Amino acid sequence: MENVLKILEQDNFSKENIITLLRSEGENRTALFQKSADIKGKYVGNIVYYRGLIEFSNNCEKNCLYCGIRIGNKKVTRYNLSDDEILSAVNFAHENKFASVVMQSGEITNEEFVTRIEQLLQNIKKLTRDEIKVTLSLGEQTEETYNRWRNAGADRYLLRIESSNPELYRKIHLQNNKHDFQTRMNCLYSLRKLDYQVGTGIMVGLPFQTYEDIANDLLFMRDFDIDMCGMGPYIEHQDTPLLEHSHLLEPKEKRFDLTLKAIAVLRIMMKDINIAAATALQTIDPLGREKAIKIGANVLMPNITPGKYRDSYKLYDNKPCTDEDPDDCVQCLEARIAITGNEIGYGKWGDSKHYSNKFH
Ligand code: SAH
Ligand code: SF4
């Protein structure tokens, strides 16, 4: 007990400290969560900001070994929302006072796609009279593309590093230039250079991943000085190559608990960043996102993709709420968040304080 309590007296952790915290159980675990909850309240407040998530297409050029919508999975019914459908989802967010949306899809890099996103960004800003902030989560692109999208109105970008250990990264991706660790890292630097609010993250509980890897990932996030983080448990998908290593996995509950601990440690280390409660948490525990909010997360991404498409955006098995419509999600979430003792920051952008405190 003493060891963990001693570690928690500081907030600049060594790798060994982090590993001890990630392994904490019982009273030690409670102390970790208490400290991260206190820091959240003090630095970012007990407010949850909504980002309306629009999973507008499951078309993808890549073949990440863990992902259900990888190009190699021929069982997926591919879809691509029309511009009107996307704008009406944005409108829904705006009307419901979500002050931000996230546009997410598989990774597509052709000029037609780049131009389409550019125009959509301009239309979203026009439609909402600049009242909505837009986060993009569209994978690896050239710096020029990131620049065009930034100029067209994108405010934030989410690109998970997935693992900051190049060797582990190689084990969960194919070995070709479409799946290159250094390229992904360079993308994060480009986004930073272009003054996006930059978010990254990892999957927790991957096969081959060690506690040391996770500790290094958290240190990487600190050293890169990220503005936002989204990390969730790795969840198997039946039609993916990574499934063959499932015997190496910890039980889902353990991956869930480890994710919560990683969020708590990160909140203590990076007090004023935005941390999302990932949907994947809810797959393992129906109250998973609420638990993450209690111990440090301050962003939720309600899915506002039209219901009929949701079943086809399955990155992993048993993704929740794929049979619901956006209206159901809003009502269900409001009640759930009230239970955590947090308020919803309706109508507020909820920009990363870390980003604003840095140089703006
Ligand atoms: N194509 C973009 C955005 C969509 S994928 C990109 O890859 O960046 C968004 C995230 O889903 C990925 O970063 C990955 O961390 C997560 N993901 C994919 N497959 C998953 C799985 N099986 N379990 C948990 N998360 C997964
Ligand atoms: Fe495509 Fe992203 Fe899935 Fe990789 S993780 S296959 S880039 S959608």
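The structure under discussion appears in the preceding block.
Residues numbered from 1 in each chain as written. Chains lettered and ligands numbered in written order. Predicted model: local features only at pLDDT ≥ 70, side-chain atom pairs only at ≥ 80, totals over all residues. Heavy atoms only, no water.

Engineer: Looking at this structure, how should I read the overall build of the chain?
Structural biologist: Summing up its helical and strand segments, the chain has 15 helices and eleven strands in all. Radius of gyration (C-alpha) of the chain: 19 Å, near the 21 Å computed for a compact globule of 360 residues. Burial status across the chain gives 62% buried among its 360 residues. Approximately 14,600 Å² of the chain is accessible, and the part contributed by carbon and sulfur atoms is 48%. (Helix = DSSP H or I, 4+ residues; strand = E, 2+ residues; numbered from the N terminus. Rg over C-alpha atoms; globule rule 2.2 N^0.38 Å. Buried < 20%, exposed > 50% of the residue type's maximum accessible area, 1.4 Å probe, protein only. Areas by Shrake-Rupley, 256 points an atom, 1.4 Å probe, with all protein chains shown as cover.)

Engineer: Before we go on, may I ask you to explain unusual backbone geometry in this structure?
Structural biologist: Note: most residues except glycine have negative phi, and most peptide bonds are trans. One non-glycine residue with positive phi stands out, namely Glu-162, at about 70°. Counting through the fold element by element, Glu-162 comes out in the loop between β5 (156–158) and α7 (166–171). The phi dihedral of Phe-208 falls on the positive side, at around 75°, and the residue is not glycine. With respect to the secondary-structure elements, Phe-208 resides in the loop between β7 (203–204) and α9 (211–224).

Engineer: Would you mind going over the site of ligand 1 with me for this structure?
Structural biologist: With respect to spatial proximity, 18 residues lie near ligand 1, and among them Tyr-66, Ser-105, Arg-160, Glu-162 and Ile-235 are the closest. Ser-105 is positioned with one of its backbone polar atoms (N or O) 3.1 Å from a nitrogen atom of ligand 1. Glu-162 is positioned such that a nitrogen or oxygen atom in its side chain is 2.6 Å from an oxygen atom of ligand 1. Across the complex, the protein chains shield 92% of the 540 Å² of accessible surface that ligand 1 would expose by itself. The residue inventory of the shell around ligand 1, partitioned by class, reads nine nonpolar, five polar and four charged. (Near = heavy atom within 4 Å. Polar contact = N/O pair within 3.5 Å; in protein donor to acceptor, adjacent residues only side chain to side chain. Nonpolar A, V, L, I, M, F, W, Y, C, P; charged D, E, K, R; others polar.)

Engineer: Before we go on, may I ask you to explain the pairing of strand β3 (residues 100–105) in this structure?
Structural biologist: Side-chain positions along a regular strand alternate between the two faces of the sheet. Within β3, six of the six residues are buried, which leaves it mostly tucked inside the rest of the structure. A two-sided burial pattern is seen for β3, the buried positions comprising Ser-100, Val-102 and Gln-104 on one face and Val-101, Met-103 and Ser-105 on the other. Strand direction decides the pairing type here: strand β2 (residues 52–57) and β3, joined by five bridges, are parallel. Bridged to Ile-54 within β3 is Met-103. Chirality of the crossover, the property in question, places the unit of β2, helix α4 (residues 83–95) and β3 among those that are right-handed. In terms of strand pairing, β3 meets strand β4 (residues 133–137) through five bridges, oriented parallel. The residue of β4 that forms the bridge with Val-102 is Thr-135. In the classification by handedness, the crossover that spans β3, the intervening helix α5 (residues 111–127) and the parallel β4 is right-handed. (Pairing = 2+ DSSP bridges. Right-handed = clockwise from strand over helix to strand, strands pointing away.)

Engineer: So what exactly am I meant to see when it comes to the pairing of β4 here?
Structural biologist: With five of five residues buried, β4 is to be regarded as a mostly interior element. Across the two faces of β4 the burial is the same, with Lys-133, Thr-135 and Ser-137 and Val-134 and Leu-136 all buried. The pairing of β4 with β5 spans two bridges and is parallel. Its bridge partner lying in β5, Leu-136 is registered against Tyr-157. Read as a crossover between parallel neighbours, the route from β4 over helix α6 (residues 143–152) to β5 is right-handed.

Engineer: Can you walk me through helix α12 (residues 288–295) in this structure?
Structural biologist: Along an α-helix, a turn takes 3.6 residues, which lines up residues three or four apart on a common side. Counting buried positions over the eight residues of α12 gives six, a clear majority of the element. Within α12 the residues assigned to the buried category are Gly-288, Arg-289, Glu-290, Ala-292, Ile-293 and Ile-295. Count one or two residues on from α12 and you reach Gly-296, which has phi positive near 155°.

Engineer: I would appreciate a short explanation of the pattern of salt bridges in the present structure.
Structural biologist: Applying the stated criterion across every chain, the model contains 31 salt bridges. Salt-bridge contacts for Lys-62 lead to Glu-107; the nearest nitrogen and oxygen are separated by 3.4 Å. Here Lys-62 is found in the loop between β2 and α4, whereas its partner Glu-107 is found in the loop between β3 and α5, with 45 residues between them in sequence. The residues Lys-62 and Glu-107 share a single accessibility class, namely buried. Because the salt bridges share partners, they merge into one network encompassing Lys-62, Glu-107, Glu-140, Glu-162 and Arg-184. (Salt bridge = Lys/Arg side-chain N within 4 Å of Asp/Glu carboxyl O.)

Engineer: Sorry if this is basic, but what is going on with the side chain of Glu-118 here?
Structural biologist: Here Glu-118 shows up in helix α5. Not counting residues up to four positions away in its chain, the partners in contact with Glu-118 are Arg-148, Trp-149 and Ala-152. (Contact = heavy atoms within 4.5 Å.)

Engineer: Honestly, the packing of aromatic side chains in this entry has me stumped. Any pointers?
Structural biologist: Any two aromatic rings considered together are summarised by their centre-to-centre distance and by the angle between their planes. In total, this model carries twelve aromatic pairs according to the counting rule given. Seen from their ring centres, Tyr-146 and Tyr-157 are 4.9 Å apart, and the 75° between their planes marks the pair as edge-to-face. Linking Tyr-146 in helix α6 with Tyr-157 in strand β5, this pair joins segments that are eleven residues apart in sequence. The residues Tyr-146 and Tyr-157 share a single accessibility class, namely buried. Of the aromatic side chains, those joined through ring pairs into one cluster are Tyr-50, Phe-92, Phe-98 and Tyr-346. Positioned above the aromatic ring of Tyr-196, the side-chain terminus of Arg-150 is 5.5 Å from the ring centre. (Phe/Tyr/Trp six-rings, centres within 6.5 Å; stacked < 30°, edge-to-face > 60°. Lys NZ or Arg CZ within 6 Å of the ring centre and 35° of its normal.)

Engineer: I would appreciate a short explanation of the nonpolar core in the present structure.
Structural biologist: The nonpolar side chains of a soluble globular protein tend to be buried, and buried together. Ile-117, Leu-136, Trp-149, Leu-218 and Leu-266 are the most contacted members of the largest nonpolar core, which has 110 residues in total. Excluding its chain neighbours within four sequence positions, the residues that come into contact with Ile-117 are Phe-56, Met-103, Leu-136, Leu-138 and Trp-149. One finds Leu-53, Val-102, Ala-276 and Met-301 within the second-largest nonpolar core, a separate group that totals five residues. (Core = buried A, V, L, I, M, F, W, Y, C linked by side-chain atoms within 4.5 Å.)

Engineer: Would you mind showing me how to read the side chain of Thr-135 here?
Structural biologist: With respect to the secondary-structure elements, Thr-135 resides in strand β4. For Thr-135, a relative accessible area of 3% corresponds to the buried category. Residues contacting Thr-135, with those up to four places away along its chain left out, are Val-101, Val-102, Met-103, Arg-156, Tyr-157 and Leu-158.

Function cannot be read off these values alone, since they describe shape.
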